[in-house]
Amino acid sequence: MAKLTDEQIQEAFASHLHEGETLKHWAFGVKQPNMLLIIGLIALCILPGIIAVALLTKNYFIGLTDRRLIVLQVKGMKPGDVKAVTEYDLSDLNSSNASTSTGGLFTHIEIKDEEKPFKAKFHRAFSKSNRPNAVAIGEAIAA
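Residues numbered from 1 in each chain as written. Predicted model: local features only at pLDDT ≥ 70, side-chain atom pairs only at ≥ 80, totals over all residues. Heavy atoms only, no water.

(A) The arrangement of the pairing of strand E3 (residues 68-74) in detail. Taken across its seven residues, E3 has seven buried, putting it largely inside the fold. Two strands pair when backbone bridges link them, and strand E2 (residues 58-64) and E3 are joined in this way by six bridges, in the antiparallel orientation. Looking at the pairing, Tyr60 lines up with Gln73 of E3. Summarising the sheet, E3 and strand E4 (residues 82-89) pair through seven bridges and their orientation is antiparallel. Bridge pairing links Gln73 to Ala84 in E4. (Buried < 20%, exposed > 50% of the residue type's maximum accessible area, 1.4 Å probe, protein only. Helix = DSSP H or I, 4+ residues; strand = E, 2+ residues; numbered from the N terminus. Pairing = 2+ DSSP bridges.)

(B) Focus on the side chain of Asn133. Among the secondary structure elements, Asn133 is positioned in helix H4 (residues 130-141). The contact partners of Asn133, leaving out residues within four places of it in the chain, are His25 and Trp26. (Contact = heavy atoms within 4.5 Å.)

(C) How the structure looks around the nonpolar core. Formed by 17 residues in total, the largest nonpolar core has its most connected members in Ile62, Leu69, Ile111, Phe118, Phe122, Ile137 and Ile141. Within the residue set of this core, elements represented by two or more residues are E2, E3, strand E6 (106-111), strand E7 (118-123) and H4. (Core = buried A, V, L, I, M, F, W, Y, C linked by side-chain atoms within 4.5 Å.)

(D) Expanded view of a nonpolar patch on the surface. Together, Met35, Leu36 and Ile39 give the surface a local cluster of nonpolar side chains, amounting to about 350 Å² of exposed area. Along the chain, Leu36 turns up in helix H2 (residues 35-44). Leu36 gets classed as exposed once you look at its relative accessible area, which sits at 67%. (Patch = residues over 30% accessible without salt bridge, like charges linked within 9 Å, V, L, I, M, F, W, Y side chains within 5 Å. Areas by Shrake-Rupley, 256 points an atom, 1.4 Å probe, with all protein chains shown as cover. Salt bridge = Lys/Arg side-chain N within 4 Å of Asp/Glu carboxyl O.)

(E) A look at the pattern of salt bridges. For the structure on display, the rule yields three salt bridges. Here Arg68 ties to Glu21 by a salt bridge, and the two come within 2.6 Å at their closest N and O atoms. Placement of the pair is Arg68 in strand E3 and Glu21 in the loop between helix H1 (6-14) and strand E1 (25-31), with a sequence separation of 47 residues. Each member of the pair, Arg68 together with Glu21, is buried. For Arg67, the salt bridge goes to Asp66, with nearest N and O atoms at 4.0 Å. When its relative accessible area of 35% is taken as the criterion, Arg67 is described as partly exposed. Residues joined by salt bridges that share partners form a network here, namely Glu21, Arg68 and Glu87.

In structure tokens, the structure reads:
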């Protein structure tokens, strides 16, 4: 797959931005099934297990503006194939309902919202800017 450019990401988020809003940071993340389920599915039968894990994995592009956090659930790693859009007003997010952590490989972002919960991990190797952007988004929403 060809590397994504900032222009492609800007285009994907453009239709979801309000007037006067600009995209500050973006990151690509995934939500995979529980590790025990992954191990069990692959142990049962390798190829069907891998296919099942791929089908159960959710892919996200998140974007931070000066007013909102926009979460685009996408079909694959293409930002243009949007399945669902979730928005969070930055004024509603704080350290009590948004948490982040950064480890060696992943930055984890979780939003505890009864109506629209969100949890994903953002791998540092997706792109050069994925980790710094995910960390910046995490700091902005958990402040």
